[in-house]
Amino acid sequence: RGSSHRSASSSATLPGMITLEMTCDMLCVRTMHVSYVDPDGNPRQKAKSGYHATVLLLPTCTDIEVSFSVVGGTSVHKVDRSQAQSPWVKDAAGQCIPERFVYTSNPPQHLQFFVRGTTLHSWVSDVDERQGSQSLLELVSRDFLCVVSMQVAYTDKNGCRQEWSGSGYKVK
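Just so it is clear, the structure is predicted and the values come from calculations on it, not from any experiment.

**Student:** Tell me about the sheet that holds strand 5 (residues 52-57), residues and numbers included.
**Tutor:** With mixed pairing, the 4 strands of this open sheet are ordered in space as 5-2-8-9. Edge positions in the open sheet fall to strand 5 and strand 9 (122-130), since each of these has one partner strand only. With direction set aside, neighbouring strand axes in the sheet form an average angle of 15°. Where strand 8 (residues 110-117) meets strand 9, 8 bridges bridge the pair, whose relative direction is antiparallel. Note that in strand 9 the partner of Arg-116 across the bridge is Trp-123.

In structure tokens, the structure reads:
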């Protein structure tokens, strides 16, 4: 129970690198699978497991494909994130389709995938794609019985004091 605070910019990123991040709820451990073509034209693969994982790639890598699986479970399946209920996307035979993201060239510099669900029913609930290293603050409640609030005060690039607040089960 409780909450976790995460700033995407606090991860191990290097300027100019492509950063792929997987941020998960605490219901089960997942693996992020990344395949790509390196600058020399060689196909490569990387995989990282945990509740949060980061993969760094050179900016000249191409044909990047990202997919996810649950340790001891199944693939992370695709949902229709444009609909409020996020229904499963199914093939013609009615089977759930594994989620995969493909970036053939010029991918965003920072990609963060938010994965939720159980061992047999996990999905990517949100994808944050950004150029550069803008900060992302996130508050995720591990207690799904209560709503959390986050209040942020900061000074913008013009020197003006700003405030922001949000409430929900996941605030960013």
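**Student:** Describe the confidence of the model for the protein chain, naming the residues involved and giving the relevant values.
**Tutor:** The predicted model of the protein chain averages 82 in pLDDT, with 76% of residues at 70 or higher. Across residues 1-12 the pLDDT falls below 50, and counting only partners more than four positions away or on other chains, this stretch makes 38 contacts in the model.

**Student:** If you had to explain the nonpolar core to someone new, which residues and values would you point to?
**Tutor:** Across soluble globular proteins, nonpolar side chains show a tendency to be buried alongside one another. Ranked by internal contacts, the top residues of the largest apolar core, which has 23 residues, are Leu-20, Met-32, Val-34, Leu-57, Ile-64, Val-66 and Phe-68. Contributions of two or more residues to this core are made by strand 2 (18-24), strand 3 (30-37), strand 5, strand 6 (62-70), strand 7 (100-103) and strand 8. Once residues lying within four places of it in the same chain are set aside, the contact partners of Leu-57 are Met-17, Ile-18, Leu-20, Val-34, Tyr-36, Lys-46 and Ile-64.

**Student:** Could you give an account of the side chain of Asp-128, with specific residues and numbers?
**Tutor:** Locating Asp-128 in the fold gives a position in strand 9. Asp-128 gets classed as buried once you look at its relative accessible area, which sits at 14%. Within the local environment of Asp-128, its side chain forms a polar contact with the side chain of Arg-130, the two groups lying 2.3 Å apart.

**Student:** Go over the pattern of salt bridges, please, and point to the residues and values.
**Tutor:** By the definition in use, this model includes 5 salt bridges. Residues Glu-99 and Arg-81 are paired through a salt bridge, measuring 2.8 Å at the closest nitrogen-oxygen approach. Taken as a pair, Glu-99 in the loop between strand 6 and strand 7 and Arg-81 in the loop between strand 6 and strand 7 lie far apart in primary sequence, 18 residues in all. The class of Arg-81 is partly exposed, set by a relative accessible area of 31%. Put simply, Asp-128 and Arg-130 hold a salt bridge, and the shortest N to O gap is 2.3 Å.

**Student:** Now, about the environment of Trp-123: what can you tell me, with residues and values included?
**Tutor:** With respect to the helices and strands, the residue Trp-123 is situated in strand 9. Along the sequence, Trp-123 and Ser-69 sit 54 residues apart, while their C-alpha atoms lie 9.5 Å from each other. The contacts of Trp-123, once residues within four sequence positions are left out, are Val-76, His-77, Val-79, Trp-88, Phe-114, Val-115, Arg-116 and Gly-117.

**Student:** Talk me through the packing of aromatic side chains; I want residue IDs and the actual numbers.
**Tutor:** Inspection of the entire model under this criterion finds 4 aromatic pairs. Measuring from ring centre to ring centre gives 6.4 Å for Phe-68 and Phe-101, while their planes differ by 75°; the resulting arrangement is edge-to-face. Taken together, the positions of Phe-68 in strand 6 and Phe-101 in strand 7 put the pair 33 residues apart, joining distant regions of the chain. Taken as a pair, Phe-68 and Phe-101 share a single burial class, namely buried. One aromatic cluster in this structure is built from Phe-68, Phe-101 and Phe-113.

**Student:** Explain the sheet that holds strand 3 residue by residue, including any values.
**Tutor:** Strand order in the open sheet formed by 4 strands is 4-3-6-7, with antiparallel pairing between adjacent strands. Strands at the two margins of the open sheet, each flanked by one partner only, are strand 4 (43-50) and strand 7. Pairwise comparison of adjacent strand axes, ignoring direction, gives a mean angle of 15° for this sheet. The pairing of strand 3 with strand 6 spans 7 bridges and is antiparallel.

**Student:** Now, about unusual backbone geometry: what can you tell me, with residues and values included?
**Tutor:** With phi around 50°, Asp-63 is a residue other than glycine that occupies positive phi space. Owing to a relative accessible area of 40%, Asp-63 belongs among the partly exposed residues under this scheme. Phi at Asn-106 is positive, roughly 50°, even though this residue is not glycine. As for its placement among the helices and strands, Asn-106 is situated in the loop between strand 7 and strand 8.

Criteria and thresholds
Residues numbered from 1 in each chain as written. Predicted model: local features only at pLDDT ≥ 70, side-chain atom pairs only at ≥ 80, totals over all residues. Heavy atoms only, no water. Pairing = 2+ DSSP bridges. Helix = DSSP H or I, 4+ residues; strand = E, 2+ residues; numbered from the N terminus. Axes fitted to C-alpha atoms, helices over the stretch in contact; angles between N-to-C directions. pLDDT = per-residue confidence, 0-100. Contact = heavy atoms within 4.5 Å. Core = buried A, V, L, I, M, F, W, Y, C linked by side-chain atoms within 4.5 Å. Buried < 20%, exposed > 50% of the residue type's maximum accessible area, 1.4 Å probe, protein only. Polar contact = N/O pair within 3.5 Å; in protein donor to acceptor, adjacent residues only side chain to side chain. Salt bridge = Lys/Arg side-chain N within 4 Å of Asp/Glu carboxyl O. Phe/Tyr/Trp six-rings, centres within 6.5 Å; stacked < 30°, edge-to-face > 60°.

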